[in-house]
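Chain by chain, the residues:
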Amino acid sequence: PSVATAPKPAATPGPKPATMPTTQPNTAVTTLKAGTVSVAKFPGGPEISFAYIPAGLFKMGANGIQTGETVKIRKAFWMQQTEVTQAQWKAVMGPTDFNCFVSESMTKPLEQKFYGDRKPVVCVTWNDAAEFVRQLNLKNDGYHYRLPTGAEWEYAARADSINDKPEDLNSIAWFLDNSDGSGTHEVATKKANAWGLFDMLGNAEEWVQECNYTCEIRGGEYAGFGNFMYPAFKRSTGAEYTSNGRGFRILREAGPASPRPK
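If you're wondering where the values come from, they're calculated on a predicted model, not measured in any experiment.

1. Thoughts on the pattern of salt bridges
Piece 1. By the definition in use, this model includes 11 salt bridges.
Piece 2. In this structure, the salt-bridge partner of Arg 118 is Glu 186, at a minimum N-O distance of 3.9 Å. Of this pair, Arg 118 sits in the loop between β7 (106-109) and α2 (126-137) while Glu 186 sits in the loop between α5 (176-179) and β9 (205-211), placing them 68 residues apart in sequence.
Piece 3. Taking the relative accessible area as the measure of exposure, Glu 186 reaches 41% and is therefore partly exposed.
Piece 4. Members of the salt-bridge network, linked through shared partners, are Glu 154, Arg 158, Glu 216 and Arg 218.

2. Things to note about the side chain of Ser 243
Piece 1. Of note, Ser 243 is situated in the loop between β11 (234-237) and β12 (246-247).
Piece 2. Ignoring sequence-local partners within four residues, the contact set of Ser 243 consists of Cys 100, Val 122 and Cys 123.

3. A word on the packing of helix α1 (residues 86-93) against α2
A pair of packed helices can be characterised by two numbers: the angle between their axes and the separation between those axes.
Piece 1. Running from N to C, α1 and α2 cross one another at 65 degrees; their axes reach a closest spacing of 10 Å. Read as a crossing pair, α1 and α2 show a hand that is left-handed. Contact residues: α1 offers Gln 88, Trp 89, Val 92 and Met 93, while α2 offers Asp 128, Glu 131, Phe 132, Gln 135 and Leu 136.
Piece 2. Taken together, the residues of the contact of α1 with α2 break down into five nonpolar, two polar and two charged.

4. Focus: the nonpolar core
Piece 1. Core analysis: the largest hydrophobic core is formed by 35 residues, its most contacted members being Phe 132, Leu 136, Tyr 145, Phe 248 and Ile 250.
Piece 2. Contributing elements (two or more residues each) for this core: β2 (47-53), α1, α2 and β10 (215-218).
Piece 3. Examining the composition of this core, we find that five residues originate from one element, α2, more than from any other.
Piece 4. Ignoring any residue separated from it by four or fewer positions in sequence, one finds Phe 248 in contact with Glu 83, Val 84, Trp 89, Val 121, Val 124, Ala 129, Phe 132, Leu 147, Glu 205, Glu 206 and Trp 207.
Piece 5. Listed in part, the 24 residues of the second largest apolar core include Ala 51, Phe 175, Met 229 and Leu 251.

5. Here we look at the pairing of β9
Piece 1. The sheet contact formed by β9 and β12 spans two bridges and is parallel. For Glu 205, the partnering residue across the bridge sits in β12 and is Arg 246.
Piece 2. Joining the antiparallel neighbours β9 and β10 is a turn of three residues.

6. Concerning the environment of Val 71
Piece 1. Positionally, Val 71 belongs in strand β4 (residues 70-73).
Piece 2. Residue class for Val 71 comes out buried when judged on its relative accessible area of 13%.
Piece 3. A sequence separation of 12 residues divides Val 71 from Lys 59, and the C-alpha atoms of the two residues are 6.0 Å apart.
Piece 4. Among residues more than four places away in sequence, those in contact with Val 71 are Gly 56, Leu 57, Phe 58, Met 60 and Ala 151.

7. Regarding the packing of aromatic side chains
Geometry of an aromatic ring pair is reported as the spacing of the ring centres plus the angle between the planes.
Piece 1. All told, the structure shown has 14 aromatic pairs when counted by the stated rule.
Piece 2. Seen in terms of ring centroids, Tyr 52 and Trp 78 are 5.1 Å apart; in terms of plane orientation they differ by 65 degrees. Their pairing is edge-to-face. Here the residue Tyr 52 occupies a position in strand β2, and Trp 78 occupies one in strand β5 (residues 77-80), the gap between them amounting to 26 residues. Of the two residues examined, Tyr 52 and Trp 78, each falls in the buried class.
Piece 3. For the ring pair Phe 228 and Phe 233, a centre distance of 5.2 Å and an interplane angle of 40 degrees mean the geometry is tilted.
Piece 4. On the basis of relative accessibility, which here comes to 38%, the residue Phe 228 falls in the partly exposed class.
Piece 5. Between the NZ or CZ atom of Arg 246 and the centre of the ring of Trp 207, over which it lies, the distance is 5.0 Å.
Piece 6. Lying over the aromatic face of Phe 50, Arg 252 brings its terminal NZ or CZ to 5.2 Å of the ring centre.

Definitions and limits used
- Residues numbered from 1 in each chain as written.
- Predicted model: local features only at pLDDT ≥ 70, side-chain atom pairs only at ≥ 80, totals over all residues.
- Heavy atoms only, no water.
- Salt bridge = Lys/Arg side-chain N within 4 Å of Asp/Glu carboxyl O.
- Helix = DSSP H or I, 4+ residues; strand = E, 2+ residues; numbered from the N terminus.
- Buried < 20%, exposed > 50% of the residue type's maximum accessible area, 1.4 Å probe, protein only.
- Contact = heavy atoms within 4.5 Å.
- Axes fitted to C-alpha atoms, helices over the stretch in contact; angles between N-to-C directions.
- Left-handed = near helix turned anticlockwise from the far one by under 90°.
- Nonpolar A, V, L, I, M, F, W, Y, C, P; charged D, E, K, R; others polar.
- Core = buried A, V, L, I, M, F, W, Y, C linked by side-chain atoms within 4.5 Å.
- Pairing = 2+ DSSP bridges.
- Phe/Tyr/Trp six-rings, centres within 6.5 Å; stacked < 30°, edge-to-face > 60°.
- Lys NZ or Arg CZ within 6 Å of the ring centre and 35° of its normal.

Structure follows, in structure tokens:
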């Protein structure tokens, strides 16, 4: 004969699992508006603001007009809104006395007028910039940081504009005509471009990722001539050559950081 068993008591409802946010902080986001700002805060510093740059197509420029090849930026990214400042540099690398390269046998101390926490860090080599990025990545905030490529830099500087020459350079850049050779200025004291980036064409020119026998430089600087201040302008020099008008800005990749070796 079958044996009757007592019914099991109903399970006591437990706490509901926490609802995960729909967007994780290190997940690529494709619906953001170009120029959306994100601020990265690292323990002990620095704090760095980035503008969202969407994927897209553009024609790289040459000689002042867009006559170059069509380039596809396949992945969105976040570009630092300003050049790396001296305060940000010190937070990562510690206080530094900068010496600018003059010749193979001579360096010259950076003049005092170039110092200031909100001024761009200058007189740094390409290798110095790469070391800053390496140290920032060691902070392991879930994102990967690097120098932008020349194509990414130009694409961000254009901000979806088909015009190679800015209509009002004076409003967006520090260069020879309005800085009077007085040195670099505090970042973000001129207007941002349409994607929220400051000082792309003036104040300090910038190292980018390409570096082999020589390293690529983008943008213009405080003592530059206005006819060279356009997104497509580029030149190159040795990795160890420095200038009181040359710094860099960094890029944050939109997706999660790549796994680091153990």
